[in-house]
Structures are given as C-alpha cells and as structure tokens.
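# Structure assessment
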Amino acid sequence: MTVRTRFAPSPTGFLHIGGARTALYCWLESRRRGGEFILRIEDTDRERSTDEAVQAILDAMHWLDLDPDEGPFYQTQRLDRYKQVAEDLVSGGKAYYAYESKNEIEAMREAAMAAGQKPRYNGYYRNRNEPPRDDPNRVIRFRNPTEGSVVFEDKVKGCIEFANSELDDLVIFRSDGWPTYNFAVVVDDIDMGITEVIRGDDHVNNTPRQINIYHALGATVPEFAHLPMILDKEGKKLSKRTSAVSVMEYRADGFLPHAILNYLVRLGWSHGDQEIFSREEMISLFDVAHGNKAPSRFDTEKLAWLNQHYLKTDPPESLAAEFAWHLHRAGIDVSKGPAPVDVIVALRERVHTLKEMAERAKIWYGPILEWDDKAVAKHLKNANASKVLETAKSRLAECEWQPAPIHQVIEQVAAELELGLGKVAQPLRVALTGSQVSPSIEDTIYLAGREEALRRVDAALDMAKD
RNA sequence: GCUCCCUUCGUCUAGUGGCCCAGGACACUGCCCUCUCAAGGCGGGAACACGAGUUCGAGUCUCGUAGGGAGCACCA
C-alpha cells in the first residue's frame, strides 16, 4: 500500500512555524517512502476561516517548495459526505440524536468540574431510542464504547493507552448542520486513503476518540505520529507578541526557504551529528519514528547561522531571485548599480540574512546617505589622507576595472607612499562608503563603478582638505 | 480537578546497560589570520531534574517525587 500523508491546517491565520514543520515532516515521510503528500484545508469553522488565510497558507507552502501531490481539498465542499456518513452511523445504532441546549451542556460541565470530575456528557439520550424530531438543538453524538480501552502505538511517543471510561459521547454533527473536527478528520482520512497521520501532539487526546470512530466505520486505523510543540526562546508558547511566527515573516526578515527547512528538520529530529542537510539528504535520512518526544525552543540565532551557511555555499545565481525581491523591498533600483550577483559575493560572508544584505547594498545603488563622523575624523582628516586619495585616484582612473587589478593599485599606492595597507584602505573605504566597515576594499571600489568611485574619492579629497 | 505526555550543556541535540569522569552544533569566550567588518583555523568554560530500586555495572531499565506541557467544547 502506498504511503499517504496529509497536512491539514485550518485557515484561521498564516502558516506558522510549527505548522511548517508538521508540513515538512509529512512531506519528507511521504517522499522517502515513495508516497503521496496531500493538503487539506479544514475550514468547517465558518466563523474563523478566511479566504485570505487559505491563500497565505498556499503561498507559504509554495515558497518553502512543499507543494502537495493532491489537494488542496476543502472540508466545506464535503458536507454531503459527512452528513451521509453520520446518518449511516445513526441508522446503524453507532450514533444518536441528542437535544440538550448549549446552556444545559455548559451546566453539565460545571457540575462535573465542581465535583472534581472530568467534564463529560451524561449520556441522557444515549438509550432513549426516541424517533428523530426537529429541534434547533439537535446534534448527533457518537456512541462511544464504555468498556475496555483504546491502545495505539504512536510513532514518536510510543505506546499510549486510554480507558474508554474516560471518553464520552462526543458531538459529531452540530446543530448548525456542520460536522465537528473529530468526525470530519476521520471521514476525510479514510476517504483520502491516509496511512500516516502526522500532526501536533495537542491531538493525542483526540486520537482514542478518533480510533473508536474508525472502528465504528469499519475502517483501517492509520499510523499516528504526534509531534511535540515548538516553543519560543523563553520556553513559552510561540506568540505573535514575542516572536516571529509566520513563515512569510521569516521571508521578510531575509531567511532562505531551504535554511528554514534545514533548521526545522533538526528541531525535534537528528541524524547523528549532522547539521547540514540538502533536500535529497533530508528525504533519504528523515524518519518520523526517530523524532524527539520533548518540545523544543526556536532559536533564531541558529537559524541565522544556517542561513548564512547557505548564503555562503549556494551558487550566487541561485540566490539572485530571492535577493532581487529584497532589493525591491528596500527601495533599490537595480539598474542604478552593480550586478546583484556581484553584491551577493561581496557581502555573503558578512551578513546573516538577505534583508541585511539589501540594506548594506544601498551604498552601491545611490549616494552615501550617512557619514560616520568618527570615521571621517580618523581616516580623512589626517596627514596622509590627501596624498593617499590623490595617488589612488589617478591610478584608479586608468587601471582595468576588476577587483584583482584594483587590489594591485592599492598595493602599489601603499608601496609608493611607504604606508601599511590599512593606511591606504581605510581612507578609501571612508571615501567610498562613509563608514569604516565594508567588504574588501577592492570589492567596495569595484562595485561602485569607476565613474562613481572617482567622484566619491574627489568628494573625500575636499573633505580631507578642510 | 481529571486524563495523557515530557525532563542530557543557556539552546538544538548524540546517546537504545559497559565504547560516556557524556560527543557534535548554535551562542559565549581566548589565541591565530587580517585593509575594516566578517569568514576561516586552533583552543576554553558549560548538562544526564531529584530519590530509591534492578544489575558486577545506569544518562540508558523499573518505581516514586518534583517541575513543565497538552487535552477535557455544537474550535480545529
């Protein structure tokens, strides 16, 4: 039987980092085993689901290159099917109509809590065998077994057992005519032939209820793998208030999709001491059954390290499209400066994100916007500055315009004036950038272009004189 | 309250009874390299939650304790 996994988000917000990891694990598990990855949108909560959220999730998954083999399927389009299955369950005696109002249910809960009990439905309509009647409060409840227990082997958590006496007769069809989550997932997973249910461990408590529904429907129970949560730096639940949670927010912050995937695959799973995984390696090595049981914290600094690793090792051309997106966002007109690929090469060892890179690239695409006064005072207002600038200017006007010959020019100037390389490079750096920090001096000059470089050296010469 | 789950350096983790007075990575830090900043190289500090038990031997098995988390909806 082919392995089929699914990612089933509810479209009530953006794709967050925890969801992305779940999607990745589902995708990897299906890839390694030659199976299929299905996307299902769980939008039965009509109040909170939005089309924008659906689109945001789709966009994020596409950006991460985690496109599904099938889907997206929408639960709202399967209403007839749920209705039919629920009614079959009723006529088969495996579910029944109940008519308590929400207030009555609420009172039942409170009474149970007050008595130190788990809040459960009291089963009033379970054995009444009343003929169905119209009633605004009419729901369908699943007739859960009362004896024995449900045992399942979770692929990450191990053997888990729940006594049926802990479970109650859950609502599977609401009075508003829509199915509830625990029922819709089971019907969907059966219909869609899902063999591996990989999801967050906030669902372990739902699993025994769902298994009972599988049994009532006479279906094969799939394998389950429940993933621990991803926490923030402080060990708290990830929240928009304290950290970036949306995948697309990480894009805006300048992270690469593959760096995010590599970070996520290692968060809760490992393969010996290996830290760097190509897409192919992830696919061949990942096994959800070796996942960790405990929750883990999201560490942006390690993500940044991985991001820089890929910035440094990916072919610069392959980064160009994503970098162009950031340049545009930073308000940079690429036609007014050097080729972005050259900028990538000059900056990739000095920044952790593409956002930073775009920010620092500004010096080559427009005038110097900020002058570091200390840098000017130290490197332009000194005895050697004019001489250095003057000499460099005349040589730069004639040399071949490539980093290597420019580097030779700098060395020649240093030798001629009997100065250390630093005494030559720093005044030029300040002249070219307004600051004393930049890529190697030959790259900094080269990227400015001859005309602009000479203009800046001239301007610096004026500053050096007064 | 009840049910279920979890617990190795600050963080992510290796570890499936002896290879572990616990290994790698991020972060931090010392030195080297160096035109600045980085990157890189070589070092350093830093952890088995606690207590019993099983065993010749426990981070690894069992039981307790403590701490943390999730769920207990006509929300997913």
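Look up: the structure comes first, before these words.
Residues numbered from 1 in each chain as written. Chains lettered and ligands numbered in written order. Predicted model: local features only at pLDDT ≥ 70, side-chain atom pairs only at ≥ 80, totals over all residues. Heavy atoms only, no water.

It is worth spelling out the overall build of chain A at this point. Within chain A, the secondary structure is distributed over 19 helices and 12 strands. The globule rule puts the C-alpha radius of gyration for 466 residues at 23 Å, and the 31 Å found for chain A is more than 25% above it. Each of the 466 residues in chain A was classed as buried or not, and the buried ones make up 50%. Pairs at least 24 apart in sequence give 76% of the contacts found in chain A among residues at least 6 apart. Surface summary for chain A: the accessible area is close to 22300 Å², and the carbon and sulfur share equals 49%. The averaged location of the 73 negative side-chain charges in chain A is 3 Å from the averaged location of its 59 positive side-chain charges. (Helix = DSSP H or I, 4+ residues; strand = E, 2+ residues; numbered from the N terminus. Rg over C-alpha atoms; globule rule 2.2 N^0.38 Å. Buried < 20%, exposed > 50% of the residue type's maximum accessible area, 1.4 Å probe, protein only. Contact = heavy atoms within 4.5 Å. Areas by Shrake-Rupley, 256 points an atom, 1.4 Å probe, with all protein chains shown as cover. Lys, Arg positive; Asp, Glu negative; His and termini not counted. Charge placed at Lys NZ, Arg CZ, Asp CG, Glu CD.)

Right, let's get into the pairing of strand S1 (residues 4-7). Neither face of S1 is open: one carries Arg4 and Arg6, the other Thr5 and Phe7, and all of them are buried. Note that S1 and strand S2 (residues 36-41) share 4 bridges and pair parallel. Its bridge partner being in S2, phenylalanine 7 is matched across the sheet by leucine 39. Between the parallel elements S1 and S2, the chain passes through helix H1 (residues 17-32) in a crossover that is right-handed. (Pairing = 2+ DSSP bridges. Right-handed = clockwise from strand over helix to strand, strands pointing away.)

Attention now goes to the pattern of salt bridges. Across all of its chains, the model carries 36 salt bridges by this definition. The closest approach of N and O atoms between arginine 31 and aspartate 69, which form a salt bridge, is 2.9 Å. With arginine 31 in helix H1 and aspartate 69 in the loop between helix H2 (51-63) and strand S3 (70-74), this pair connects stretches of sequence that are 38 residues apart. A relative accessible area of 39% means that aspartate 69 is categorised as partly exposed. The partner of arginine 78 in a salt bridge is aspartate 188, with the nearest N and O atoms 2.6 Å apart. With arginine 78 in the loop between S3 and helix H3 (79-91) and aspartate 188 in helix H5 (residues 181-191), the pair connects residues that are 110 residues apart, well separated along the chain. We classify arginine 78 as buried; its relative accessible area is 18%. Residues joined by salt bridges that share partners form a network here, namely Arg6, Arg40, Glu42, Arg78, Arg81, Asp188, Asp189 and Asp191. (Salt bridge = Lys/Arg side-chain N within 4 Å of Asp/Glu carboxyl O.)

Most of helix H18 (residues 441-448) sits out of view: 7 of its 8 residues are buried. All buried positions along H18 are accounted for by Ile441, Glu442, Thr444, Ile445, Tyr446, Leu447 and Ala448. One or two positions beyond H18, positive phi appears at glycine 449, with a value near 85°.

Reading across from one edge, S4-S5-S8 is the order of the 3 strands in this open sheet, with antiparallel pairing throughout. If you trace the sheet from one side to the other, it starts and ends with strand S4 (95-98) and strand S8 (171-173), each paired once. Ignoring strand direction, the axes of neighbouring strands in this sheet form an average angle of 45°. Alignment of S4 against strand S5 (residues 139-142), held across 4 bridges, turns out to be antiparallel. Across the sheet, tyrosine 97 pairs through a bridge with isoleucine 140, a residue of S5. (Axes fitted to C-alpha atoms, helices over the stretch in contact; angles between N-to-C directions.)

By themselves, these are just geometric observations and shouldn't be taken as functional.
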